[in-house]
Amino acid sequence: MTSHFPVIVVGAGHAGCEAALAAARLGVETLLLTMNLSTVALMPCNPSIGGPGKGHLVREIGAMGGEMAACIDHTCVQLKWLNTSKGPAVRSRRAQADKRAYRQRMTATLFDTPRLTVRQGQVTRVRAAGGRVTGVELETGISFSCDRLVIATGTYLNGRIIIGPRSWPGGPHNQRAALGLAESLGELGVPWRRLQTATPPRVRRGSVGFAATRELPGDPEAGGFLWEHRARRLAGQESCWLTFTGERTIETVRRHLPFSPLVLANITNVGPKHCPSIDRKVLNFPGQFRHQIFIEPEGRGSAEMYLQGLTTSMPPASQLEVVRSVPGLEEAEIVRYGYAIEYDALAPGAMRKTMESRVVAGLFTAGQVNGTSGYEEAAAQGLVAGINAVRSLRGEPPWVPSRTESYLGVLVDDLSTWDHPEPYRMTPAQAEFRLHLREDSAEARLAAAGRALGLVPEARHEAIADWLGRIAGEIRRLDGLRVSPSGRLLERLSVAGSGGLKKQVAVGEILQRPAIGYRDLPGLLTEEGEGGPFSLGLTAPDEIAYLETEIRYRGYAAREAERRAETKRLEEVRLPLVLPPERARALSEATRELLSSSRFEDLGQAVRKHCLSRAELAILWAVIGDGQTAAGDGEE
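Computed from a predicted structure; not experimentally measured.

So, how was this worked out
Residues numbered from 1 in each chain as written. Predicted model: local features only at pLDDT ≥ 70, side-chain atom pairs only at ≥ 80, totals over all residues. Heavy atoms only, no water. Helix = DSSP H or I, 4+ residues; strand = E, 2+ residues; numbered from the N terminus. Buried < 20%, exposed > 50% of the residue type's maximum accessible area, 1.4 Å probe, protein only. Contact = heavy atoms within 4.5 Å. Domains from an automatic or database assignment. Buried area = accessible area lost by both parts, 1.4 Å probe. Salt bridge = Lys/Arg side-chain N within 4 Å of Asp/Glu carboxyl O. 1 Å grid on protein atoms, 1.4 Å probe; cavity = no way out; pocket = protein on both sides within 12 Å on 5 of 7 lines; lining within 4 Å. Points joined across faces, edges and corners; volume = space filled by probe spheres on them. Nonpolar A, V, L, I, M, F, W, Y, C, P; charged D, E, K, R; others polar. Pairing = 2+ DSSP bridges. Core = buried A, V, L, I, M, F, W, Y, C linked by side-chain atoms within 4.5 Å.

Asks: Honestly, the side chain of Ser373 in this entry has me stumped. Any pointers?
Replies: Here Ser373 is to be found in the loop between strand S20 (363-365) and helix H10 (375-393). Here Ser373 falls in the buried class, since its relative accessible area comes to 11%. In this view, Ser373 contacts Lys54, Gln368, Pro423, Tyr424 and Arg425; residues no more than four positions away in its chain are not counted.

Asks: How should I be thinking about the domain arrangement of the protein in this particular structure?
Replies: Put simply, an interface is often sized by how much accessible area is lost when its parts join up. In terms of domains, the protein is made up of domain 1 (2-41 + 50-77 + 88-194 + 343-453), domain 2 (202-342), domain 3 (458-556) and domain 4 (572-624). Once you take the C-alpha centre of each, domain 2 and domain 3 turn out to be 46 Å apart. At the interface, five residues of domain 2 touch five residues of domain 3. Taken over both partners, the interface formed by domain 2 and domain 3 buries close to 440 Å², and the fraction arising from carbon and sulfur atoms is 60%. The three residues of domain 2 that bury the most area against domain 3 are Trp227, Glu228 and Arg230, which together make up 86% of that side's buried surface. In this structure, the connection of domain 2 to domain 3 is made through two salt bridges. We note a salt bridge from Arg230 to Asp542, for which the minimum N-O separation is 2.7 Å.

Asks: Explain empty space enclosed by the protein to me, please; I cannot follow it from the model alone.
Replies: Rolled over the atoms, a probe with the dimensions of a water molecule shows which regions are left empty. Per the counting criterion, the structure on display carries four cavities of 30 Å³ or more. If you add up the space inside the largest cavity, you get close to 70 Å³. Forming the boundary of the largest cavity are Arg193, Leu346, Ala347, Pro348, Gly349, Ala350, Met351, Asn370, Gly371, Leu415 and Trp418. In terms of residue class, the lining of the largest cavity is built from seven nonpolar, three polar and one charged. Quantified by volume, the second largest cavity comes out at close to 50 Å³. Together, Leu185, Val190, Pro191, Leu346, Ala350, Met351, Ser357, Leu363 and Thr365 line the second largest cavity. Residues belonging to the lining of the second largest cavity are distributed by class as follows: seven nonpolar, two polar and no charged.

Asks: I keep staring at the environment of Gly480 and nothing clicks. Help me out?
Replies: Residue placement: Gly480 occurs in helix H13 (residues 458-480). Judged by relative accessible area, Gly480 falls into the exposed class, the value being 58%. In this structure the C-alpha to C-alpha distance between Gly480 and Val507, which are 27 residues apart in sequence, comes to 7.6 Å.

Asks: Could you clarify how one ought to interpret the pairing of strand S16 (residues 292-297) in this entry?
Replies: It is a general feature of regular strands that their side chains alternate between the two faces of the sheet. Note: strand S15 (residues 240-244) against S16, four bridges, orientation antiparallel. Looking across to S16, one finds that Trp241 is bridged to Ile295. Examined bridge by bridge, S16 and strand S17 (residues 304-308) share four bridges and lie antiparallel to one another. Paired with Pro297 across the two strands is Met305, which belongs to S17.

Asks: What should I look at first to understand the pattern of salt bridges in this one?
Replies: Any two side chains of opposite charge can pair, given that their charged atoms come close. Under the counting rule described, the total for this entry stands at 45 salt bridges. Glu333 is paired through a salt bridge with Arg204; the nearest N and O atoms lie 2.9 Å apart. Highlighted residues: Glu333 in the loop between helix H9 (316-323) and strand S18 (334-336) and Arg204 in strand S13 (residues 202-204), separated in sequence by 129 residues. Arg204 sits in the partly exposed class, given a relative accessible area of 32%. Close ionic contact of Glu601 with Arg574 constitutes a salt bridge, the shortest N to O distance being 3.8 Å.

Asks: What am I meant to see in the nonpolar core here?
Replies: Across soluble globular proteins, nonpolar side chains show a tendency to be buried alongside one another. One finds Ile8, Tyr102, Val136, Leu149 and Ile387 to be the most contacted residues of the largest nonpolar core, which totals 100 residues. If one sorts the elements of this core by residue count, H10 sits on top with 10 residues. Per-domain counts for this core show at least three residues from each of domain 1 (2-41 + 50-77 + 88-194 + 343-453) and domain 2 (202-342). The contact partners of Ile387, leaving out residues within four places of it in the chain, are Ala22, Leu26, Met64, Trp399, Leu453 and Leu455.

Given below as structure tokens:
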């Protein structure tokens, strides 16, 4: 049994779903293969989506026409803003998911999407000829041929579940491990490494003593990740709960450390840096006794509660004693024990920014198989992989988001040169232009690209453009209106605690003062200027909030824009770069070697990795000359 699909996606986790949906929505017949149809879009670890950096990615996925934002908006049980006491660059939404409802909605979306075929089956072999993908074989003997292949297998490749000294082949939630596929790709030259991740135990909701914990309700005004939901009110939210470890918990962990896989050394030590297990916390920070434990619902009406911060793969008896040492969990009943998973992932540098393999043409990879952590990072990679699989198929230039314009760009740029031992996790610290990349500007930055690619419908793009146009028009109006430092205005500014005014200024400059809000302007500027009483041009809260941020931080944004332009120019110099011999002679031997190598895809990556000094870069710019910044072909 053999049939052909132009694009095949292997794996229906968050990366695979986005890749398959993007390819099909772009008009290409696509096959999505999953080992188990019951675990489509499974959330085997934390029951949440979003947070700093990650929430920015979800908002960008929604702006581009991806699915994760819509799915979590419709199935979340709690939504709230994080980092509200900080600046707009790091504020983000975080949603508690109903895991079951999320899977059901994503599964329905897949089956309802035209040109997308979904089938259950385990891929055990990748076919290739002449260094290019040609198809896949399933364990049942069925074969499918294809022109482009996206591998999005998560943590299933040669997965091994580990609890204490025991281990057995398996994937998340005790699913089957994917066997044979990694070896098949290895035969084609794809390099691999071993990584590990872990998850905490789940406890029965009715066994938790919530009176000893602090309730963390949701925010009804948090809106949603989709632009269409930015101002919605979400009622009937579920609460999360917060407790802390103490000396008793830490001493309990210490007594049981001899049974931890980290001490037994029956697991690789290469695990997530940003969400360490309680075992690792005690090993690395022996003097720290107080660690946050968030008790989170796994869904509306679910009997299971997730213990974020209490990840461990120690034996069951050890886990129970550790859990019951935490305030509020003294009588807790564990319904699922925590475990670790060791799995195969691509070695660093194995894929390009397009998500295509450096070794096998037509092979794209996305998600945790690329050495990342998190549902959000996986979905973002899947979106980019699906888009580029189609564009490659059609002979169109790849779509590579710039790190100057999106967290998507930061993600793919970092991943293509990631050389750290631990899995990659997106945080605002990864983005050097995070004021420009703030969450509420995702549509301004990416909706046009989504429309040009064919993922954002024209009507939606026009609605977003109209929204942005109203805000931009009001900003122009405020900048065109000028006020003088009259006694009445000075008095009102003093009452508002905003200081004085020595010369005539634009109304927009008044709004840059921290103590002044847009809605304060009519009271401040009545009878000022030539236009009589001042009136507001905007009334919608979301439009006003966007305007205030744009004006208040535009001085910082202008300085950031200069650095963004420099970075963008560096990105446009594709490597390897071929220069005429008479020009290349002016460069050092080390610089010539760097330009001719395939280690980096563009000059920006080389500069960020400190492979070029400022002096060498200045000489290189002089050698390249104006209009020659795209001289490289970017191919190996």
